[in-house]
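Topology and contacts: notes
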Amino acid sequence: MERYGISVEIKNVPVLDPEFTPLLKFNQEFLKTAKKPLSIAVERSDGQMSTHHTFIHGTPEMKATDCYYIDRLVKTELWMKGGYKVYVNDKDIYEYLADAYRAEGSRAFDWDFMADVFEKPFEVVYTEEIPETLDKPVPMGGHLDGCRIGFDAGGSDRKVSAVIDGECVYSEEVIWFPKLNEDPDYHYNHILEAFQTAASKMPRVDGIGVSSAGDYIDNEPRVASLFIKVPRENWDKVKTIYTRAAAAIGDVPLVVANDGDVSALAGAMGLGKGKLMGLAMGTSEAVGYVDKDQNVLGWINELAFAPVDLNKDAMQDEWSTDFGVGCKYFSQDAVIKLCPAAGIELDESLSLAEKLKAVQKLMEADDPRAIAIFETIGAYFGYTTVLYSQFYDLDYIMLMGRVMSGKGGDTILRVTNEILAEEYPELAKKILVTLPDEKMRRVGQAVAAASLPLIAK
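Residues numbered from 1 in each chain as written. Predicted model: local features only at pLDDT ≥ 70, side-chain atom pairs only at ≥ 80, totals over all residues. Heavy atoms only, no water.

1. Details of the overall build of the protein
Along its length, the protein carries 15 helices and 19 strands. For 457 residues, the compact-globule estimate of 2.2 N^0.38 gives 23 Å, and the C-alpha radius of gyration of the protein, at 22 Å, lies within 12% of that figure. Based on the C-alpha atoms only, the size of the protein along its principal axes is roughly 70 × 55 × 45 Å. For the protein, the residues scored as buried account for 58% of the 457 residues in total. When contacts within the protein are restricted to residue pairs at least 6 apart in sequence, those whose partners lie at least 24 apart make up 68%. Summed over its atoms, the accessible surface of the protein is roughly 19,000 Å², and 51% of this surface lies on carbon and sulfur atoms. Looking at the protein, you have 48 positive and 72 negative side-chain charges, and the mean spots of the two groups are 2 Å apart. (Helix = DSSP H or I, 4+ residues; strand = E, 2+ residues; numbered from the N terminus. Rg over C-alpha atoms; globule rule 2.2 N^0.38 Å. Buried < 20%, exposed > 50% of the residue type's maximum accessible area, 1.4 Å probe, protein only. Contact = heavy atoms within 4.5 Å. Areas by Shrake-Rupley, 256 points an atom, 1.4 Å probe, with all protein chains shown as cover. Lys, Arg positive; Asp, Glu negative; His and termini not counted. Charge placed at Lys NZ, Arg CZ, Asp CG, Glu CD.)

2. Concerning the pairing of strand β13 (residues 220-223)
Looking along a regular strand, one sees side chains alternate from face to face of the sheet. Taken together, the three bridges between strand β12 (residues 215-217) and β13 define a ladder with antiparallel strand orientation. Among the inter-strand pairings, Ile217 is bridged to a residue of β13, identified as Glu220. Where β12 hands over to β13, the hairpin turn is made up of two residues, of which Asp218 adopts a positive phi near 55°. (Pairing = 2+ DSSP bridges.)

3. Describing the side chain of Lys239
Structurally, the position occupied by Lys239 is in helix α6 (residues 235-239). Separated by 2.7 Å, the side chains of Lys239 and Glu119 make a polar contact. Leaving out residues up to four positions away in the same chain, Lys239 has contacts with Glu119, Asn219, Glu220, Pro221 and Arg222. (Polar contact = N/O pair within 3.5 Å; in protein donor to acceptor, adjacent residues only side chain to side chain.)

4. So, the side chain of Ser212
Structurally, Ser212 can be placed in strand β11 (residues 207-212). Those residues in contact with Ser212 that sit more than four places away from it in its chain are Ala153, Leu226, Tyr242, Ala257, Asn258 and Asp259.

5. Observations concerning the sheet that holds strand β10 (residues 167-175)
Spatially, the five strands line up as an open sheet ordered β10-β9-β8-β11-β14, and their pairing is mixed. Here the strands that pair on one side only, and so sit at the sheet edges, are β10 and β14 (254-258). Adjacent strand axes in the sheet meet at a mean angle of 15°, parallel and antiparallel pairs treated alike. Sheet topology places strand β8 (residues 147-153) next to strand β9 (residues 157-164); seven bridges connect them, and they run antiparallel. For Phe151, the partnering residue across the bridge sits in β9 and is Val160. (Axes fitted to C-alpha atoms, helices over the stretch in contact; angles between N-to-C directions.)

Spelled out as structure tokens, the structure:
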């Protein structure tokens, strides 16, 4: 198949999605004939920088293809690592990006979103001197001494644990509706109540760790789906919501982290090793990463909105408005979107979670239609694993979330590893794609969250 003037061949075509065009394969074919050096850097908080040295064709007849390749590359860098300023050393590409990343441009959503996250205007800058990569790894968690509160802020329930020297002595789950409430005091009162409940189960509180969906800088929510209904004019209360609740418990250290990073930390604590990506396929695609020292890198890891497929008819993400991004391939949406091609009719009155359960029930009965769905997702992930490995230093990918439960998850894992072994054998030897084992499950999200703060001796 041809995409934007580049011929792409796929050996393991997803059975229910023959037009799937992995970004990985497009990039590989593009770079075979691109010879003009080009560098791009994306700056994020505290002067950290993600720099990518690559090539384009630099000819008039390939200009549109060059721009598309860079468009997808910058989009990937932004949603993997985050940033508010893009540096580029080619004038034609600079003009394309500057036109795309503006209020009326093709990347207006990304332009606005990143400005909100970093609280700085988004810029595209032309320069001949491209800054080099600068990461500032931050140790995250793994501290189990003392009396700790671990709080996991989910979209439908909130979980809190009281943890003493690494042992969970109390845990509870409470239904709440954060995504439906405009009043930040609703969220604050729930969070404070959870903290107070856990505190009442211990002789003292030495630290508080929070796992929460969204992007957090200095313990402040910058963009988070939990608070999606709260008007932006009330975000002063949202930004301080966890620090205020912690202060009500006492003068103790607080660490708030993205739930994907905490999942990766839980996996690393269970394995006792780093260079691990935790990837949950649930309502969306949630991702976290810890390096060899089990540090986080200050990356936003929002791979749900990073591109994976260049099929021009790929499903559109309703929120970010882009096409072919991860949330439509590694989530319950992926299962549901493949049902028509598989010949499965779902009751439209069912919720998304109920539709997933209906397909999983067919899968447990070895229905060939359901098997085809999970084999297709496995093919998606086989190629995307290789793509992710080009940006992350990986030894482990731990797959989690409700889509990975039961026979469906086993099938996704099997097909992923078959593609790696057949087409990328060296990578298959390096990266273990696996499911959480019992040790990781014992660590759990809440205990990993509780381990986030370092307690001063």
